[in-house]
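Residues per chain are reported as follows:
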Amino acid sequence: MDLLLISVFILAAIVAGLKIYTKLTLRTCKSQVCLVGKTAIVTGANCGIIGYETALDFAKRGAKVILACRNISKAQEARRKIIEETHNHKIFVRVIDLASFESVRAFAEEINKTEDRLDILVNNAGAVGLEHKRTVDGRPLLMQVNYFSSFLLTNLLLNLLKKSGPSRIVNVSSLGASMGSKLDVNNIDNFVPRFNDDYYHSKLCNVLFTIELAKKLQGTSVTTYSLHPGFVETEIFHNFHGIMKVLFMIIVKLFSMTCEEGAQTNIYCSVTQGIEKYSGEHFDHCRKVDRYKNATDPDLAKNLWKKSEELVGLTPEENPF
Ligand SMILES: NC(=O)c1ccc[n+]([C@@H]2O[C@H](COP(=O)([O-])OP(=O)(O)OC[C@H]3O[C@@H](n4cnc5c(N)ncnc54)[C@H](OP(=O)(O)O)[C@@H]3O)[C@@H](O)[C@H]2O)c1
């Protein structure tokens, strides 16, 4: 009995210690930058998740915020809550389903037609543990949702971003980008994932895309950053099944940050002045970090760009470069 009590006590002390460590090492975005007169788009900005907290922060700073979401009722609820909390009425909902290039193109067309400026684009929406199937466009579902659609959307909005400079593109990746098997760009469309390899690959693509995009944007007033938001308690782990789901839920409950805390690096990369010289770099805990080892090959980033243009069917008219 004593042994059991001691074991429980030690376990509780370890958990408490880790929780305290997580809180103590937490860094927040300290920037007071005002966004009045600016326009921001945040994909996946539904209630209670990282994207929502990012949009809420931009609204507090006075920006016009476009919540780019596939679930209209959840997005309308997010809009209502943001307006209620900030009294900023320039919050709008636009539909986008990242599993469909047609939807991405329709979204971008409407933005290009109706908005006279775009200062911040946060490619935040993402998923994990999706069924291994193909989209209507014939691409692997998870890869399209997490990467190809952000690639397409960014290209389609780039002229507006250029026109509005200084402007920023923030790509939400993950520490998972540094894990998984080797990325083979030539096989990216036919890759058969094991475990979460497709998630890791898609998140690595977010990082490589940012690196190549920054190169292409040199000499313009548009900058771009990739980031890991931290381990955050959101809905993202709900797609897991069985033991994986239980494990993740326990870990999340014990060690994760809140969504507000998890949005800090999104916000930091979107608004902090003086980080423009780090365009193309990767961020974590509101600071620039070294690139993951598997994201240091410039040829990989270049080849991925070429392959992505082909796989999203980017036409010469759509190509901003
Ligand atoms: N949470 C973490 O610990 C963690 C760690 C590392 C990286 N990240 C990254 O952080 C980003 C935000 O994730 P989160 O944790 O906030 O996840 P989440 O709670 O699951 O939110 C994801 C958002 O993406 C949207 N989304 C999913 N599929 C979509 C589609 N086909 N079209 C349009 N929107 C779609 C979701 O909309 P619905 O509500 O309609 O599903 C939701 O708004 C993701 O890119 C994720 O990879 C998260």
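The name an unreviewed UniProt entry gives the protein is Retinol dehydrogenase 11, with Zophobas morio as the organism. As its UniProt record puts it under Sequence similarities (unreviewed entry), the protein is described as follows: "Belongs to the short-chain dehydrogenases/reductases (SDR) family."

Inspection of the secondary structure puts K277 in the loop between α9 (264-271) and β7 (282-284). K277 sits 124 residues away from L153 along the chain, and the two C-alpha atoms are 24 Å apart. Reaching out from K277, the side chain makes a polar contact with the backbone oxygen of G274 at a distance of 3.1 Å.

On to the pattern of salt bridges. Applying the stated rule across the entire model yields 13 salt bridges. The salt bridge partner of R61 is D57, with a shortest N-O separation of 2.6 Å. Relative accessible area serves as the criterion here: at 12%, R61 is assigned to the buried category. D57 gets classed as buried once you look at its relative accessible area, which sits at 18%. R80 serves as the salt-bridge partner of E84, at 2.9 Å between the closest nitrogen and oxygen.

Before going further, it helps to examine the state of the cysteines. Within the structure shown, the criterion is met by 0 disulfides. The structure places no disulfide on C205, whose sulfur is separated from the nearest cysteine sulfur, that of C269, by 19 Å. The thiol of C269 is not disulfide-bonded; the next cysteine sulfur, from C286, is found 7.6 Å away. Judged by its relative accessible area of 0%, C269 falls in the buried class.

Moving on, we come to unusual backbone geometry. The linkage connecting G165 with the following residue, P166, adopts the cis geometry, with an omega of 0°. Take P166: it is sitting in the loop between α5 (141-163) and β5 (167-172). For C286, which is not glycine, the phi torsion reads 55° and is therefore positive. Position of C286 relative to the elements: it lies in the loop between β7 and β8 (287-289).

Once that is clear, we can look at a positive patch on the surface. Where like charges cluster on the molecular surface, the positive patch consists of K215, K216, K302 and K306. Mapped by element, the contributors of at least two residues to the positive patch are α6 (197-216) and α10 (298-312). Here K215 lies in helix α6.

On to α5, then. End to end, α5 covers 32 Å across 23 residues, agreeing with the expected 33 Å (1.5 Å per residue, within 8%). L157 marks the point of greatest bend in α5, at about 50°.

Another point: the packing of helix α2 (residues 50-60) against α9. Viewed as axis vectors pointing N to C, α2 and α9 meet at an angle of 45°, and their least axial separation amounts to 9 Å. When the axes of α2 and α9 are compared, the pair comes out oblique. The two elements α2 and α9 cross, and the hand of that crossing is right-handed. Here I50, E53, T54, D57 and F58 of α2 come into contact with α9, specifically with N266, I267, S270 and V271. Its residues placed into classes, the contact of α2 with α9 shows 4 nonpolar, 3 polar and 2 charged.

Right, let's get into the sheet that holds strand β3 (residues 91-95). Strands sit in the order β3-β2-β1-β4-β5-β6-β7-β8 across an open sheet of 8 strands; the sheet is mixed. Looking along the sheet, the strands with just one partner apiece sit at the ends: β3 and β8. Put simply, the sheet's adjacent strands are angled 25° from each other on average, direction ignored. Examined bridge by bridge, β7 and β8 share 3 bridges and lie antiparallel to one another. Each bridged residue has a counterpart across the sheet, and for D284 the counterpart in β8 is R287. Running over the sheet, helix α3 (residues 72-86) touches β2 (64-69) and β3 and is turned about 170° from β3. Seen against the sheet, α6 touches β5, β6 (222-228) and β7 and runs at an angle of roughly 160° to β6.

What follows deals with the side chain of S256. Positionally, S256 belongs in the loop between α7 (242-255) and α8 (259-262). Under the relative-accessibility criterion, S256 is labelled buried at 12%. Excluding residues that lie within four positions of it along the chain, S256 makes contacts with F231, V232, E233 and I251.

The subject of this paragraph is α3. When the terminal C-alpha atoms of α3 are compared, their 21 Å separation across 15 residues agrees well with the 21 Å that a helix rising 1.5 Å per residue should span. Within two residues after α3, H87 carries a phi angle of roughly 60°, on the positive side.

With that out of the way, let us pick up the packing of α6 against α10. Put simply, α6 and α10 touch, their axes get as near as 9 Å, and they point 90° apart. Here α6 is positioned roughly perpendicular relative to α10, judged by the angle of their axes. Note on element contacts: α10 touches α6 through P298, L300, A301, K302, L304 and W305, opposite C205, L208, F209, I211, E212, L213, K215 and K216. Class assignment for the residues of the contact of α6 with α10 results in 10 nonpolar, no polar and 4 charged.

Cut-offs and rules
Residues numbered from 1 in each chain as written. Predicted model: local features only at pLDDT ≥ 70, side-chain atom pairs only at ≥ 80, totals over all residues. Heavy atoms only, no water. UniProt positions renumbered as here; feature names shortened; annotations may be inferred. Helix = DSSP H or I, 4+ residues; strand = E, 2+ residues; numbered from the N terminus. Polar contact = N/O pair within 3.5 Å; in protein donor to acceptor, adjacent residues only side chain to side chain. Salt bridge = Lys/Arg side-chain N within 4 Å of Asp/Glu carboxyl O. Buried < 20%, exposed > 50% of the residue type's maximum accessible area, 1.4 Å probe, protein only. Disulfide = S-S within 2.5 Å. Patch = residues over 30% accessible without salt bridge, like charges linked within 9 Å, V, L, I, M, F, W, Y side chains within 5 Å. Areas by Shrake-Rupley, 256 points an atom, 1.4 Å probe, with all protein chains shown as cover. Lys, Arg positive; Asp, Glu negative; His and termini not counted. Charge placed at Lys NZ, Arg CZ, Asp CG, Glu CD. Expected span 1.5 Å × (residues − 1). Bend = angle between axes of the 7 residues up to and from the residue. Axes fitted to C-alpha atoms, helices over the stretch in contact; angles between N-to-C directions. Parallel < 35°, antiparallel > 145°, perpendicular 65-115°, else oblique. Left-handed = near helix turned anticlockwise from the far one by under 90°. Contact = heavy atoms within 4.5 Å. Nonpolar A, V, L, I, M, F, W, Y, C, P; charged D, E, K, R; others polar. Pairing = 2+ DSSP bridges.

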